[in-house]
Amino acid sequence: MNKKTCPERSRRILITGSDSVKERATTKLLQESGYQVVVFDNLEFGHRSAINAPLVIGDLDNLPLLEETFQKENFDAIIHFAGYIVVAESMKNPGKYFHNNVIKTKGLLDMAVKHGVLNFVFSSTAAVYGIPKKVPIKEDDPVIANNPYGESKLMIEKMLYWYGQAHNLKSIILRYFNAAGGALDGLLGEDHQPETHLISRACLAALGKIKDFQLTCPKCNTPDKSTIRDYIHVLDLAEAHVKSLEYLFKKKKSDIFNVGTGQGYSTLSVIKKISEVSGFKFDLKWGEPRPGEAETLVASNEKIKKILGWKPKHSDLETIVKTAWLWHKKHPEGYQK
C-alpha cells in the first residue's frame, strides 16, 4: 500500500479513540498509505504523546464539538475504535457500557449521516459470539453475546445494518480476536491504567511492575486447563483496517470479517513463551476468574483472506511476545516517560 492507492485529493479519515496500540498502529499505516488522519478522543485512557496526528480532544457525546469537527474536516470515512472493552467491568456495570458504547455511537452515526460520511469501519469483537458451539468460528455462526461488553458491540453491529438500510451507510465490521504485540522497533505498545491484557500484565510482572501476578481465566476443559485464545498482532490488525477502507471505497459494499489467525494458544503456553523471552520465572497463581468468558475463541479467517486479500504476517506467538516485551522493556513506565 502506498500513496498511489489514494485519489488526487488524499482521503480524510476520522479515527475515534486512541487508548490502545492498535489505534496508533492503524493511524501510522494510514498515513504511510497516503491518507490524512484526524483523531477524536477524550484521552480518558489515551496518551497525547503517543498520538502522531491532528487531535481533537473531546467526548463523542459532545455533539457541538463533533459537529464542528465534521464541518471543518470534510471526512471521507470513519474508523470507530472508541469504547469500553473490559468484560469483567461490564458484568458489574452494564449501564456504563450501553451508554458509552451504544448511545455515543448512535450520536456518531447520526453525525456521519448528516454530513454524508457514509463509509464506516467498526471495531467489533469476538465477544459477540458468546460461548461458541464450535471452533474455528465463522462469521455466519450464531451471535449470542454472554456479557454486556459483547452485547454492546452486537447492538452497534445491528445499528450499522439498519443505518445501511435507511441511509445507504456502508460499513465493514471487524470482529477482533485477541489483539496483542507492539511495533517491531519497540516504539509503539500497550499502556493501559489499569492493565487488563494478559501479555502486557505478564510483561509488567516480569519487570517487577506487578507484584502479585495471577491468572484470571477460569480453569477449563482444555488440554492444560487454561483458556485458549487466537492472538492477532496489532500490525496485522492495522492492515485489516486499511484494506477495509480500500474495499469500501472501491466496492461500496458492507460486510463482516473475523480478524484472527485460526490458531489458538492456551494462557499457560503464552505465559511459558513470555518466560522464555524475558528470562523471568513466574510463580503462577490462579486468582478469581473473570465472569462471562468463553473457554476457547479461535477464528476462521478464510473470508477476510478471500475477499480483502488480507493475511497475518506478524501473528506468530514468538513475534507477538517479543514485540510486546521489547516495548515494555524500553518503556517500563509506559508513555509517561
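Only a predicted model underlies this, so the values are computations on that prediction, with no experimental measurement involved.

A.B. asks: With reference to specific residues and values, describe the packing of helix α6 (residues 198-206) against helix α10 (residues 317-330).
C.D. replies: Relative orientation of the contacting elements α6 and α10 amounts to 50 degrees, with a least axis distance of 10 Å. The orientation of α6 with respect to α10, classified from their angle, is oblique. Of the two elements, α6 crosses α10, and the hand of that crossing is right-handed. Residues Ile 199, Ser 200, Cys 203, Leu 204 and Ala 206 of α6 form the contact with α10, whose own contacting residues are Ile 320, Ala 324, Trp 325 and His 328. Taken together, the residues of the contact of α6 with α10 sort by class into seven nonpolar, two polar and no charged.

A.B. asks: I'd like a rundown of the side chain of Glu 190, residues and numbers included.
C.D. replies: Mapped onto the elements, Glu 190 comes out in the loop between β7 (178-180) and α6. No salt bridge is formed by the buried Glu 190; the nearest opposite charge belongs to Arg 24, separated by 5.0 Å. A polar side-chain atom of Glu 190 sits 3.4 Å from a polar atom in the side chain of His 192. Not counting residues up to four positions away in its chain, the partners in contact with Glu 190 are Ser 20, Val 21, Glu 195, His 197, Ser 200, Trp 327 and His 328.

A.B. asks: Quick one: what's the story with the packing of aromatic side chains, residue by residue and with numbers?
C.D. replies: Enumeration over the complete set of coordinates arrives at eight aromatic pairs. With centroids separated by 4.9 Å and ring planes inclined at 85 degrees, the aromatic side chains of Phe 280 and Phe 282 adopt a geometry described as edge-to-face. Phe 282 sits in the buried class, given a relative accessible area of 15%. Among the aromatic residues, those joined into a ring-pair cluster are Phe 45, Tyr 84 and Tyr 97. Over the aromatic face of Phe 249 sits the side chain of Arg 11, whose NZ or CZ is 3.9 Å from the ring centroid.

Rules of the game
Residues numbered from 1 in each chain as written. Predicted model: local features only at pLDDT ≥ 70, side-chain atom pairs only at ≥ 80, totals over all residues. Heavy atoms only, no water. Axes fitted to C-alpha atoms, helices over the stretch in contact; angles between N-to-C directions. Helix = DSSP H or I, 4+ residues; strand = E, 2+ residues; numbered from the N terminus. Parallel < 35°, antiparallel > 145°, perpendicular 65-115°, else oblique. Left-handed = near helix turned anticlockwise from the far one by under 90°. Contact = heavy atoms within 4.5 Å. Nonpolar A, V, L, I, M, F, W, Y, C, P; charged D, E, K, R; others polar. Buried < 20%, exposed > 50% of the residue type's maximum accessible area, 1.4 Å probe, protein only. Lys, Arg positive; Asp, Glu negative; His and termini not counted. Salt bridge = Lys/Arg side-chain N within 4 Å of Asp/Glu carboxyl O. Polar contact = N/O pair within 3.5 Å; in protein donor to acceptor, adjacent residues only side chain to side chain. Phe/Tyr/Trp six-rings, centres within 6.5 Å; stacked < 30°, edge-to-face > 60°. Lys NZ or Arg CZ within 6 Å of the ring centre and 35° of its normal.

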